[in-house]
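Examination of the molecular architecture
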Amino acid sequence: MSTDSPLRLAIFASGRGSNAMAIIRAARSGRLSRVEPVLVVCDKSEAPVVGRARAEGVEAREIVPRNFSSKEAYEGAILEILKERSIDAVALAGYMRLVGPVLIEAFSDRIMNIHPSLLPSFPGLHAQRQAIDYGVRVTGVTVHFVDLLMDHGPVILQKSVPVFPEDTEETLSQRLLPIEHEAYIESLDALSRGRLRIEGRRVLWQQD
Ligand code: GRF
């Protein structure tokens, strides 16, 4: 990837797609001026994100794992499409599946994920409910690079939000969601400007 041309981005999602939409709209509005969302890949049939992406003029493909003989074959099919579209980087945005070696090796250090907790606290499903059940007073969002383990790779950016005694999973999720969008946009902007350098588990932000 040249830092002169826009970062050609594929977004992987499984459901509602609010993060995908935030990224696409930020690119359209010029807020993410160096990111071009080229493709949405969805692993579920009839997920809302597919129609929402198409309505924004972004190609969206349903690629459903059960139509393939193995995870390798499934990811191999995705990889073909990513290569055809000259994709530079991948943003996981509510993609409810572990990424395997086929994609990780092809896009080493070029796959990001957003998670609705301050990792390494509360990985996996229902992070907001886990935070409430544990009784923490502060939680947040984490954008990180993706490795083979769940919610595990080097941390790019974290933002915190308070947890109130009356919070439910629903109210806390609503408070976190706009922060997720903001954190993802900031992180992708930095990636697209070549500002992120990974050293072991640490991600260093370079100044322009
Ligand atoms: C978000 O909370 C994201 O952090 C998590 O799954 C949810 C997806 O929401 N991984 P959306 O599909 O982006 O609206």
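This section reports on the structure supplied with the text. All values reported here derive from a predicted model rather than from experimental measurement.

Reading the values: rules and limits
- Residues numbered from 1 in each chain as written.
- Predicted model: local features only at pLDDT ≥ 70, side-chain atom pairs only at ≥ 80, totals over all residues.
- Heavy atoms only, no water.
- Core = buried A, V, L, I, M, F, W, Y, C linked by side-chain atoms within 4.5 Å.
- Buried < 20%, exposed > 50% of the residue type's maximum accessible area, 1.4 Å probe, protein only.
- Helix = DSSP H or I, 4+ residues; strand = E, 2+ residues; numbered from the N terminus.
- Axes fitted to C-alpha atoms, helices over the stretch in contact; angles between N-to-C directions.
- Parallel < 35°, antiparallel > 145°, perpendicular 65-115°, else oblique.
- Left-handed = near helix turned anticlockwise from the far one by under 90°.
- Contact = heavy atoms within 4.5 Å.
- Lys, Arg positive; Asp, Glu negative; His and termini not counted.
- Salt bridge = Lys/Arg side-chain N within 4 Å of Asp/Glu carboxyl O.
- Polar contact = N/O pair within 3.5 Å; in protein donor to acceptor, adjacent residues only side chain to side chain.
- Near = heavy atom within 4 Å.
- Areas by Shrake-Rupley, 256 points an atom, 1.4 Å probe, with all protein chains shown as cover.
- Nonpolar A, V, L, I, M, F, W, Y, C, P; charged D, E, K, R; others polar.

With that out of the way, let us pick up the nonpolar core. Core analysis: the biggest nonpolar cluster contains 46 residues, and L9, M112, Y184 and L188 have the highest contact counts within it. Considering every element that reaches this core, the biggest residue donor is helix 6 (residues 169-192), with eight residues. Ranked by size, the runner-up nonpolar core spans 21 residues in total, among them F12, V38, Y95 and V146.

Turning next to the packing of helix 5 (residues 127-134) against helix 6. Two elements in contact, helix 5 and helix 6, have axes separated by 9 Å at closest approach and are oriented at 120°. It follows that helix 5 is oblique to helix 6 by the angle criterion. For the element pair helix 5 and helix 6, the recorded crossing hand is right-handed. Of the residues in helix 6, those in contact with Q128, R129, A131 and I132 of helix 5 are E169, L172, S173 and L176.

Bringing the environment of T171 into the picture now. Residue position: T171 is located in helix 6. Spatially, the C-alpha atom of T171 lies 9.4 Å from that of Q128, the residues being 43 residues apart in sequence.

A few words now on the side chain of E75. Note on placement: E75 falls in helix 3 (residues 71-84). An unpaired buried charge is present at E75: no salt bridge exists, and K71, the closest side chain of opposite charge, is 4.6 Å distant. Separated by 2.7 Å, the side chain of E75 and the backbone nitrogen of G100 make a polar contact. Not counting chain neighbours up to four residues away, the residues in contact with E75 comprise L98, V99, G100, P101, V102 and L103.

Quick look at the site of the ligand now. Every residue close to the ligand is listed here: R16, G17, S18, N19, G94, I114, P116 and E180. At 2.9 Å from an oxygen atom of the ligand is found a side-chain nitrogen or oxygen belonging to N19. One of the backbone N or O atoms of I114 is found 3.5 Å from a nitrogen atom in the ligand. Relative to its free-state accessible area of 370 Å², the ligand is covered by the protein chains to the extent of 85%. Across the shell around the ligand, the residue classes break down as two nonpolar, four polar and two charged.

Moving on, we come to the side chain of S187. Considering the arrangement of structural elements, one finds S187 in helix 6. Leaving out residues up to four positions away in the same chain, S187 has contacts with M112, V143, I156, L157, L196 and W205.

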